[in-house]
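Each chain, written out:
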Amino acid sequence: EPEVTQTPSHQVTQMGQEVILRCVPISNHLYFYWYRQILGQKVEFLVSFYNNEISEKSEIFDDQFSVERPDGSNFTLKIRSTKLEDSAMYFCASSRVRVGNQPQHFGDGTRLSIL
Amino acid sequence: KNEVEQSPQNLTAQEGEFITINCSYSVGISALHWLQQHPGGGIVSLFMLSSGKKKHGRLIATINIQEKHSSLHITASHPRDSAVYICAVPMYSGGGADGLTFGKGTHLIIQP
């Protein structure tokens, strides 16, 4: 069965550094998402992406965050200047159509640790 | 914006017991998602349902749209069912939302 793959599985970065988290969604999916889960808390929506542009973003997704789909297969989340509070598990997900009526397929996550 | 409440937050049961996890939400939705999060952190989609009941193996999910409530049942529970079970719904009503809003999850432990 096709899977969403995320790399790296664990990223350790110094505060203030830029980090890029990578995702390869399922190939025939059109909608892409990033979520995060701070340790011990619930999963939170960050951003959705469709047709090469952001379609929706949460209040968490401020100017230090950006997403892009550089080559038609990868979907990346960039955090420009990391803060301690960015430490979390980041999940990428994809769906064939809008999530209201279709399952989302999740990657295994990238654990981001900011020192 | 939709809000999701799950109960119980923690549940420990003996192998073989029938398990029920509840979820309620605040705003009308097109579909509700039940997800399983493994101890390593990965998330797997179990069910997406918009009405009635769905069954997959020993897992059964039901939804009552009028009452804005869903339940996830596990029959003949087994230690390998130990995980966090999460309910999620579209962030806004009408099904046009792009993202999901999640419950806090139910941490289930099945003891042998």
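The model shown is predicted, which means the values in this text are computed figures rather than measured ones.

Quick notes on the rules
- Residues numbered from 1 in each chain as written.
- Chains lettered and ligands numbered in written order.
- Predicted model: local features only at pLDDT ≥ 70, side-chain atom pairs only at ≥ 80, totals over all residues.
- Heavy atoms only, no water.
- Helix = DSSP H or I, 4+ residues; strand = E, 2+ residues; numbered from the N terminus.
- Rg over C-alpha atoms; globule rule 2.2 N^0.38 Å.
- Buried < 20%, exposed > 50% of the residue type's maximum accessible area, 1.4 Å probe, protein only.
- Contact = heavy atoms within 4.5 Å.
- Areas by Shrake-Rupley, 256 points an atom, 1.4 Å probe, with all protein chains shown as cover.
- Lys, Arg positive; Asp, Glu negative; His and termini not counted.
- Charge placed at Lys NZ, Arg CZ, Asp CG, Glu CD.
- Disulfide = S-S within 2.5 Å.
- Buried area = accessible area lost by both parts, 1.4 Å probe.
- Salt bridge = Lys/Arg side-chain N within 4 Å of Asp/Glu carboxyl O.
- Nonpolar A, V, L, I, M, F, W, Y, C, P; charged D, E, K, R; others polar.
- Pairing = 2+ DSSP bridges.
- Axes fitted to C-alpha atoms, helices over the stretch in contact; angles between N-to-C directions.
- Phe/Tyr/Trp six-rings, centres within 6.5 Å; stacked < 30°, edge-to-face > 60°.

(A) Spotlight on the overall build of chain A. Within chain A, the regular secondary structure consists of zero helices and 11 strands. Scanning chain A from its N terminus toward the C terminus, one meets helices and strands in the order β-β-β-β-β-β-β-β-β-β-β. The C-alpha atoms of chain A give 13 Å as radius of gyration, which agrees with the globular expectation for 115 residues (13 Å, within 12%). Dimensions of chain A along its principal axes, counting C-alpha atoms only, are 35 × 25 × 25 Å. When the 115 residues of chain A are sorted by exposure, 46% land in the buried category. Within chain A, counting contacts between residues at least 6 apart in sequence, those at least 24 apart form 54% of the total. Working note: accessible area of chain A is about 5,800 Å², and carbon and sulfur atoms make up 45% of it. Charge separation in chain A, taken as the distance between the mean sites of 11 positive and 14 negative side-chain charges, equals 1 Å.

(B) Broad picture of the state of the cysteines. Residue and element names in this part refer to chain B. Inspection of every chain in the model, using the stated rule, returns two disulfides over all chains. Across the disulfide, Cys 23 is cross-linked to Cys 87 (sulfur-sulfur distance 1.9 Å). With the S-S bond torsion at -55°, the cross-link from Cys 23 to Cys 87 turns out left-handed. Of this pair, Cys 23 sits in strand β3 (residues 19-25) while Cys 87 sits in strand β9 (residues 83-90); the two residues are 64 residues apart in sequence, bridging distant segments of the chain. On the basis of relative accessibility, which here comes to 1%, the residue Cys 23 falls in the buried class.

(C) Region of interest: the interface of chain A and chain B. Contacts between chain A and chain B engage 24 residues on the former and 24 residues on the latter. In total, chain A and chain B occlude about 1,900 Å² of area from one another, counting both sides; carbon and sulfur atoms represent 54% of this. Counting the contacts that link chain A with chain B gives zero salt bridges. Elements that contribute at least two residues to the side of chain A that touches chain B include exactly β4 (31-37), β5 (44-50), β6 (53-57) and β9 (88-95) of chain A. By residue number, the principal contributor to the side of chain A that touches chain B is β4(A), which donates four residues. Classifying every residue of the side of chain A that touches chain B gives 10 nonpolar, eight polar and six charged.

(D) Examining the pattern of salt bridges more closely. Throughout the structure, instances matching the rule amount to two salt bridges over all chains. Here A:Arg36 and A:Glu44 are joined by a salt bridge, their closest N and O atoms 3.2 Å apart. Of the residues examined, A:Arg36 reaches a relative accessible area of 11% and is grouped as buried. Owing to a relative accessible area of 23%, A:Glu44 belongs among the partly exposed residues under this scheme. A salt bridge links B:Asp81 to B:Arg58; the nearest nitrogen and oxygen atoms lie 2.8 Å apart. Taken together, the residues B:Asp81 in the loop between β8 (69-74) and β9 and B:Arg58 in the loop between β6 (52-56) and β7 (59-64) connect sequence positions 23 residues apart. Judged by relative accessible area, which is 25%, B:Arg58 ranks as partly exposed.

(E) Layout of the sheet that holds strand β7 (residues 65-68) of chain A. Residues and elements named next belong to chain A. Pairing is antiparallel across the open sheet formed by four strands, whose spatial order is β1-β3-β8-β7. Each end of this open sheet is capped by a strand with a single partner; those strands are β1 (5-7) and β7. Averaged over all neighbouring strand pairs, the angle between strand axes comes to 20°, with direction disregarded. Both β7 and strand β8 (residues 75-79) contribute to a ladder of four bridges, which runs antiparallel. Paired with Phe 65 across the bridge in β8 is Ile 79.

(F) How the structure looks around the packing of aromatic side chains. All chains considered together, the criterion is met by 10 aromatic pairs over all chains. Both rings, one in A:Tyr35 and one in A:Phe106, keep their centres 5.7 Å apart while their planes meet at 40°; by these two values the pair is tilted. In this pair, A:Tyr35 is assigned in strand β4 and A:Phe106 in strand β10 (residues 105-106), connecting sequence segments 71 residues apart. Of the aromatic side chains, those joined through ring pairs into one cluster are A:Tyr33, A:Tyr35, A:Phe45, A:Phe106 and B:Phe102.

(G) Focus on the sheet that holds strand β1 (residues 4-7) of chain B. Residues and elements named next belong to chain B. Strand order in the open sheet formed by five strands is β1-β3-β8-β7-β6, with antiparallel pairing between adjacent strands. Each end of this open sheet is capped by a strand with a single partner; those strands are β1 and β6. Taken pair by pair, the neighbouring strands of this sheet meet at an average axis angle of 15°, ignoring direction. One ladder, built from six bridges, connects β7 with β8; its direction is antiparallel.

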